[in-house]
Amino acid sequence: MAKANEFGEPVEVTVDVAGGTRSVPITNPNKVMFPSVGARKQERTKLDLARYYVSVGDAIMRTLTDRPVLLERYPNGVRGTSFFQKRIPESAPDWLQTTTVETINGTPSRALVIADLAHVLWAANHGVLGLHVWQFRASEPHEADEMRIDLDPTPGVTFDQVRESAALVRDYLAELGMLGFPKTTGSKGIHIYVRVEPGWDSFAIRGAVVALGRELSERHPGLITDKWWKEERGQRVFVDFNQNAPHKNMFGAWCARPRVGAQVSTPFGWDELETIDPETCTIDTVPHRLASLGDPWELMDDAPCSIVPLVERFAADLADGIPDAPWPPQYPKMPNEAPRVQLSRAKKPVD
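The text that follows walks through the structure, step by step, so that each part is easy to find. Predicted, not measured: the structure shown is a model, and the values here were computed from it.

### What to know about the overall build of the protein
Then comes step 1: Assigned secondary structure in the protein consists of seven helices and 17 strands.
Then comes step 2: Scaling as 2.2 N^0.38, a compact globule of 351 residues should have a C-alpha radius of gyration of about 20 Å, and the protein matches this with 21 Å.
Then comes step 3: The long-range share in the protein, meaning contacts at least 24 apart out of those at least 6 apart in sequence, stands at 66%.
Then comes step 4: Within the structure as shown, the protein displays about 16,000 Å² of accessible surface, and the carbon and sulfur contribution to it stands at 51%.
Then comes step 5: Between the mean site of the 39 positive side-chain charges and the mean site of the 47 negative ones, the protein shows a separation of 8 Å.

### A short note on the nonpolar core
Then comes step 1: Within the largest apolar cluster, 96 residues are counted, with the highest numbers of intra-cluster contacts made by Tyr53 and Met147.
Then comes step 2: Residue contributions to this core peak at eight residues, all from helix H4 (residues 159-175).
Then comes step 3: Discounting residues that sit within four places of it in the chain, Met147 has contacts with Leu173, Met178, Ile192, Tyr193, Val194, Val196, Ile205, Ala208, Val209, Asn244, Ile307 and Leu310.
Then comes step 4: The next biggest cluster of nonpolar side chains, apart from the first, holds five residues, and it includes Val101, Ala111, Trp134 and Phe136.

### Comments concerning the layout of surface pockets
Over the atoms rolls a probe the size of a water molecule, and its path tells where empty space is left.
Then comes step 1: Considered as a void within the structure, the largest pocket measures approximately 920 Å³ in volume.
Then comes step 2: Together, 38 residues line the largest pocket, and Leu70, His132, Gln243, Lys248 and Asn249 are the ones closest to its centre.
Then comes step 3: Those elements that place two or more of their residues in the lining of the largest pocket are strand S5 (67-73), strand S7 (98-102), strand S8 (108-114), strand S9 (128-134), strand S12 (146-153) and strand S17 (249-251).
Then comes step 4: Here the lining of the largest pocket gets four residues from one element, more than from any other, and that element is S12.
Then comes step 5: Classifying every residue of the lining of the largest pocket gives 14 nonpolar, 14 polar and ten charged.
Then comes step 6: There is about 400 Å³ of room inside the second largest pocket.
Then comes step 7: The wall of the second largest pocket is formed by 18 residues, among which Lys227, Glu232, Ala325, Pro326 and Ala338 lie closest to the centre.
Then comes step 8: Per-class residue counts for the lining of the second largest pocket are eleven nonpolar, one polar and six charged.

### Digging into the pairing of S5
Then comes step 1: For S5, the tally of buried residues reaches seven of seven residues, placing the bulk of the element in the interior.
Then comes step 2: Neither face of S5 is open: one carries Arg67, Val69, Leu71 and Arg73, the other Pro68, Leu70 and Glu72, and all of them are buried.
Then comes step 3: Looking at chain direction, S5 and S8 are connected through three bridges and run antiparallel. Counted as the bridge partner of Pro68 is Val113 from S8.
Then comes step 4: Bridge analysis of S5 against S9 gives four bridges, and the strand direction is antiparallel. Following the sheet pairing, Val69 is matched in S9 by Val133.

### Overview of the state of the cysteines
Then comes step 1: Enumeration over the complete set of coordinates arrives at zero disulfides.
Then comes step 2: In this structure Cys255 is a free cysteine whose sulfur lies 14 Å from that of Cys281, the closest cysteine sulfur available.
Then comes step 3: Classification of Cys281 by relative accessible area gives buried; the value is 2%.

### Regarding the packing of H4 against helix H5 (residues 202-219)
Packed helices, taken two at a time, are described by the angle their axes make and the gap between the axes.
Then comes step 1: It is at 11 Å that the axes of H4 and H5 come closest, and there the two elements cross at 115°. At the point where H4 passes H5, the crossing takes the right-handed sense. Facing H4, whose interface residues are Leu168, Val169, Tyr172, Leu173 and Glu175, H5 presents Leu212, Glu215, Leu216 and Arg219.
Then comes step 2: Class assignment of the residues belonging to the contact of H4 with H5 gives a composition of six nonpolar, no polar and three charged.

### What about empty space enclosed by the protein?
Then comes step 1: For the structure shown, the criterion picks out one cavity of 30 Å³ or more.
Then comes step 2: Lining the largest cavity, in full, are Thr63, Leu64, Arg67, Val133, Glu146, Arg148, Tyr193, Gly252, Ala253 and Trp297.
Then comes step 3: Mapped onto the lining of the largest cavity, the elements with two or more residues apiece are helix H2 (57-64) and S12.
Then comes step 4: A breakdown of the residues in the lining of the largest cavity according to their chemical character gives five nonpolar, two polar and three charged.

### With respect to the pattern of salt bridges
Then comes step 1: Taken as a whole and judged by the stated rule, the model has 22 salt bridges.
Then comes step 2: The partner of Glu146 in a salt bridge is Arg67, with the nearest N and O atoms 3.4 Å apart. Placement of Glu146 in strand S12 and of Arg67 in strand S5 is noted, with a sequence separation of 79 residues between them. Of the two residues examined, Glu146 and Arg67, each falls in the buried class.
Then comes step 3: Close ionic contact of Glu146 with Arg148 constitutes a salt bridge, the shortest N to O distance being 2.7 Å.
Then comes step 4: Given the relative accessible area of 4%, Glu146 is considered buried.
Then comes step 5: Residues participating in the shared-partner salt-bridge network are Arg67, Arg137, Asp145, Glu146, Arg148, Arg195 and Asp301.

About the criteria used
Residue positions within a chain follow its written sequence, with the count starting from 1. In keeping with the model being predicted, local features are shown solely for residues with a pLDDT of at least 70 and side-chain atom pairs are shown and tallied solely at 80 or more, while totals for entire chains, interfaces and linings include all residues. Computation of side-chain values covers all heavy atoms of the structure but excludes hydrogens and water. A helix here means a DSSP run of H or I that spans at least four residues, while a strand means a run of E at least two residues long, and both kinds are numbered starting from the N terminus. With the radius of gyration taken over C-alpha atoms, the globule rule is written as 2.2 Å times the number of residues to the power 0.38. The criterion used for residue contact is that any of the two residues' heavy atoms lie within 4.5 Å. Under the convention used here, a 1.4 Å probe and the Shrake-Rupley method define accessible areas, while residue burial counts only the protein chains that appear. His is not counted, nor are the chain ends, whereas Lys and Arg count as positive and Asp and Glu as negative. Here the site of a charge means NZ on Lys, CZ on Arg, CG on Asp, or CD on Glu. Think of a nonpolar core as a cluster: buried Ala, Val, Leu, Ile, Met, Phe, Trp, Tyr and Cys residues, connected wherever their side-chain atoms sit within 4.5 Å. Remark: exposure states derive from per-residue accessible area (1.4 Å probe, protein chains only) relative to the maximum for the residue type, with buried under 20%, exposed over 50%, and partly exposed in between. Site definitions follow a grid-based scheme: protein atoms alone, a 1 Å grid, a 1.4 Å probe that fits but cannot get out for cavities, and for pockets an open set with protein on both sides within 12 Å along at least five of seven lines, plus lining residues having an atom within 4 Å of a point. Grid points are joined across faces, edges and corners, and a volume is the space filled by probe spheres set on the points. Polar here means any residue other than Ala, Val, Leu, Ile, Met, Phe, Trp, Tyr, Cys and Pro, which are nonpolar, and Asp, Glu, Lys and Arg, which are charged; Gly is therefore polar. In this scheme, strands are said to pair when DSSP sees at least two bridges between them. The disulfide criterion used throughout: a pair of cysteine sulfur atoms within 2.5 Å. Geometry is summarised by axes, namely lines fitted to C-alpha atoms with helices restricted to the contacting stretch, and by angles between N-to-C directions that run from 0 to 180 degrees. In this scheme the crossing of two helices becomes right-handed for a clockwise turn of the near helix relative to the far one and left-handed for an anticlockwise turn of less than a right angle. A side-chain nitrogen of Lys or Arg and a carboxyl oxygen of Asp or Glu constitute a salt bridge if their distance falls within 4 Å.

The structure is reproduced here in structure tokens:
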């Protein structure tokens, strides 16, 4: 940890909040958070990160407002040690909004709720290089409103294959009357978000993505897989349905990743699918993209979709004797779940 003012005197950053403005102090503003940004491999500081979030403030708040987040902290920059902070301390400012979240096993913690941009700056000042966002809003904790399709490339898969898979997801969603909104992960994959009509929980949404993954892997078996166990995936793009499991969270849109180049998980339009380059989407370049192209996710809240066709497909599979896909290892055994053991470790039948 830095000593007091070791990297400069605090700088106050003022942002709009409900009822006025709020100034958030950025302490040690010259501390290097990202050591190698852009073609010139320049350093970027904590203050640079704070100013980046101000520059994308309206867009990021459309995705984060009223959502609990898990904080991934790098107090000494991306090359330093890191940890996940699940609980907001009682010593936090009294204006900071929080809520109680629980793991699937019922363990509670006090999580930050992003009420305004000041909350994002508070997190950035604490060295947060990852806002991991829950799929519900704090005001409606029993309803999930996002279906998150995580296209995860296995080793050997190119980004062009991820692009191709994303196009196939887009087209299948369109068949079902659904609209997907893509973003880079800030690394090697693509996330596609669907705003979901009210009335569904994360169990139903996870089942919907299980069904989506099955359908796409059946249609495109050489490119896409829904196999949970890595040994079964081959060199294909995995539809990670378990990112929608209850109490799971995903890396937020417009958020800077903990990478030396300050890459950002960047929303983009479908017309950019063939040209988007995740490596060049950084805290330096994304504000210019946003200013020139606008926010491709701006209308997401205006396009809630019915997931009934996918929920019905999942239910029909269960009725036909097809078990639920495996859940993550930290979750208790679920009803209708397939045996949670990879093929290489399963007991072989005795002849």
